[in-house]
Amino acid sequence: MDKSFRESLFNHAKEWVLEAGAYIRNNINEPLTIDTKSNPNDLVTTMDKETEQYFSTKIKKTYPNHFILSEEGFGDDLSSLDGIVWILDPIDGTMNFVHQKRNFAISLGIYQDGIGEIGFIYDVMSDVLYSAKKGEGAYKNDVKLGPVNENVALEDAILVLNHFWLTKNRLVDEHVMQDLVKRVRGTRTYGSAALEFAYVAEGIIDGYLSMRLAPWDIGAGIILLKEVGGRTTTIDGNSVQLLEKNSIFACSPKLGEKIVEEYIKKGKK
Ligand code: IPD
Ligand code: CA
Ligand code: CA
Ligand code: CA
C-alpha cells in the first residue's frame, strides 16, 4: 500500500475509532438491551450492533470498494482477503462491557490482499489507543512500543490463558498446560482478546494462548504485535488462517518457539 494512502486511511480510521469509543464511554451507564447468541453466556448488546453499524456506514460511504469482516452482521460475507478488508470487532470483551463496564476494546485491523497495514485497539474506558502502521512501528497513545523482550526466561514469564485450558483437550489431558503453568511466574485472564494482544505488544505480558478466536478478535492484534517484533501463530506454532477460527499463540519469537518445542509438541512426538 502506498504510504500516503496508508496515512490518510489511518487518519480516517483513527477518527472513527475515537468517535465510536467516546460515544460508548459517554453512554456507559445507559440501560442496555442484552441478547444472547450461541449460548446463554455469549452476549451481544445494542451497543455492539450500533457501533458496528456506525463503522459500516462510514466505511461504505467513504471507501465503497473496501470490504468489512466483522462480528455482528453489518459486514460482508467474504471468502477471500483480496482487496482492502477492514476486520472489525466493535466491542471485544462484551461480557466485560456488560458486567464490569471496563476492560473492553474496539479492535480494527485493515488488510490489503491479506497483508496487515493498519491496526487499532482502543481501550475505551481508559482512553488508551494502541495503534500500528506496517513498517512504521506500534504506539500506545503517542509512546512508541517495543521491541518485545527476546530474552525472557520461562520462569520470569507471565502468560495470559483463558478458561478453555480447564476444559477437556489434549494439552490438558497430557498435563502439558499444567506443567507450563507450574513453570512460569504467573498467569492472567483479562477477557478481551484484543487487549490481551495489546498487552503482549506493550511487553507487560509475555505470551497469550487462546482457543478458537475469530478473525475480528485478532485482526488488529496481529499487526500491532508484528510491529514490535512479536509473532502470532496457532498454538502449534503454525501460520494463522485469518478467515477461519484459530487457536492463538501471541508471543516474542524466542519464547514462543521454546514453549511450542518444550511443551505444546510434547506427547505429539
Ligand atoms: C471474546 C473475547 C474473549 C475471548 C472470546 C471472544 P467478544 O470476544 O475476546 O476474550 O476469550 O473467545 O469471543 O465476543 O467479547 O467480542
Ligand atoms: Ca461476541
Ligand atoms: Ca471479540
Ligand atoms: Ca465483539
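For clarity, every value in this text was computed on a predicted model and none was experimentally measured. (Residues numbered from 1 in each chain as written. Chains lettered and ligands numbered in written order. Predicted model: local features only at pLDDT ≥ 70, side-chain atom pairs only at ≥ 80, totals over all residues.)

So, the overall build of the protein
Thought 1: If you tally the helices and strands in the protein, you get eight helices and 14 strands.
Thought 2: The C-alpha atoms of the protein give a radius of gyration of 18 Å, which matches the 18 Å a tight globule of 269 residues would have.
Thought 3: Dimensions of the protein, computed from C-alpha atoms along their principal axes, come out at roughly 50 × 45 × 35 Å.
Thought 4: Nonlocal contacts in the protein, meaning residues at least 24 apart in sequence, comprise 63% of its contacts between residues at least 6 apart. (Helix = DSSP H or I, 4+ residues; strand = E, 2+ residues; numbered from the N terminus. Rg over C-alpha atoms; globule rule 2.2 N^0.38 Å. Contact = placed C-beta atoms within 7 Å.)

Section: the pairing of strand β7 (residues 128-133)
Thought 1: Among the six residues that make up β7, five are buried, leaving the element largely enclosed by the rest of the structure.
Thought 2: As defined by bridge partners, β7 adjoins strand β8 (residues 137-140) across four bridges and the pair is classed as antiparallel. Pairing of Lys133 across the sheet is with Gly137, part of β8.
Thought 3: Linkage of β7 to β8, two consecutive antiparallel strands, is achieved through a turn of three residues, within which Gly135 is found at a positive phi near 80°. (Buried ≥ 20, exposed ≤ 12 C-beta atoms within 10 Å, placed from the backbone. Pairing = 2+ DSSP bridges.)

So, the site of ligand 1
Thought 1: Around ligand 1, the structure places Asp89, Asp92, Gly93, Thr94, Asn162, Gly191, Ser192, Ala193, Ser210, Leu213 and Asp217.
Thought 2: Here the residues of the shell around ligand 1 are counted per class, giving two nonpolar, six polar and three charged.
Thought 3: Both domains that furnish three or more residues to the shell around ligand 1 are identified here as domain 1 (3-144) and domain 2 (154-264). (Near = placed C-beta within 6 Å. Nonpolar A, V, L, I, M, F, W, Y, C, P; charged D, E, K, R; others polar. Domains from an automatic or database assignment.)

Here we look at the environment of Glu202
Thought 1: Structurally, Glu202 is set in helix α6 (residues 193-202).
Thought 2: Residue Glu202 is classed as buried on the basis of its 20 C-beta neighbours within 10 Å.
Thought 3: For Glu202 and Gly146, which are 56 residues apart along the polypeptide, the C-alpha to C-alpha distance reads 6.6 Å.
Thought 4: Residues within four places of Glu202 in sequence aside, it is in contact with Lys140 and Leu145.

Side note on the sheet that holds strand β3 (residues 67-70)
Thought 1: Reading across from one edge, β3-β4-β5-β6-β7-β8-β9 is the order of the seven strands in this open sheet, with mixed pairing throughout. Sheet topology places β3 and β9 (143-144) at the edges, where each strand pairs with a single neighbour.
Thought 2: Against the sheet, helix α2 (residues 46-62) contacts β3 and β4 (84-92), and its axis sits at roughly 155° relative to β4.
Thought 3: Sheet strands touched by α6: β4, β5 (105-112), β6 (115-123), β7 and β8. Its angle to β6, the strand with the most contacts, is close to 105°. (Axes fitted to C-alpha atoms, helices over the stretch in contact; angles between N-to-C directions.)

Some thoughts on the sheet that holds strand β11 (residues 186-188)
Thought 1: Here five strands make up an open sheet; going across it, the order is β11-β10-β12-β14-β13 and the pairing mixed. On the outer flanks of this sheet lie β11 and β13 (231-233), each paired with one strand and no other. On average, adjacent strands in this sheet sit at an angle of 20° to one another, irrespective of strand direction.
Thought 2: When β13 meets strand β14 (residues 246-251), the two strands line up antiparallel, connected through three bridges. Note that in β14 the partner of Arg231 across the bridge is Cys251.

Section: α6
Thought 1: Most of α6 is tucked away, with 10 of its 10 residues classed as buried.
Thought 2: Restricting attention to buried positions, one finds in α6 the residues Ala193, Ala194, Leu195, Glu196, Phe197, Ala198, Tyr199, Val200, Ala201 and Glu202.
Thought 3: At the exit of α6 stands Gly203, carrying a positive phi of roughly 90°.

Quick word on the domain arrangement of the protein
Buried accessible area, meaning the area lost when the parts come together, often serves as the stated size of an interface.
Thought 1: One can read the domain layout of the protein as domain 1 (3-144) and domain 2 (154-264).
Thought 2: Computed over C-alpha atoms only, the centres of domain 1 and domain 2 are separated by 22 Å.
Thought 3: Every contact between the two is made by 30 residues of domain 1 and, on the other side, 25 residues of domain 2.
Thought 4: Counting only elements with at least two residues in the side of domain 1 that touches domain 2, the list comes to β3, β4, α3 (94-99), β5, β6, β7 and β8.
Thought 5: Among the elements that line the side of domain 1 that touches domain 2, the one with the most residues is β6, at six residues.
Thought 6: Partitioned by chemical class, the residues of the side of domain 1 that touches domain 2 number 15 nonpolar, 10 polar and five charged.

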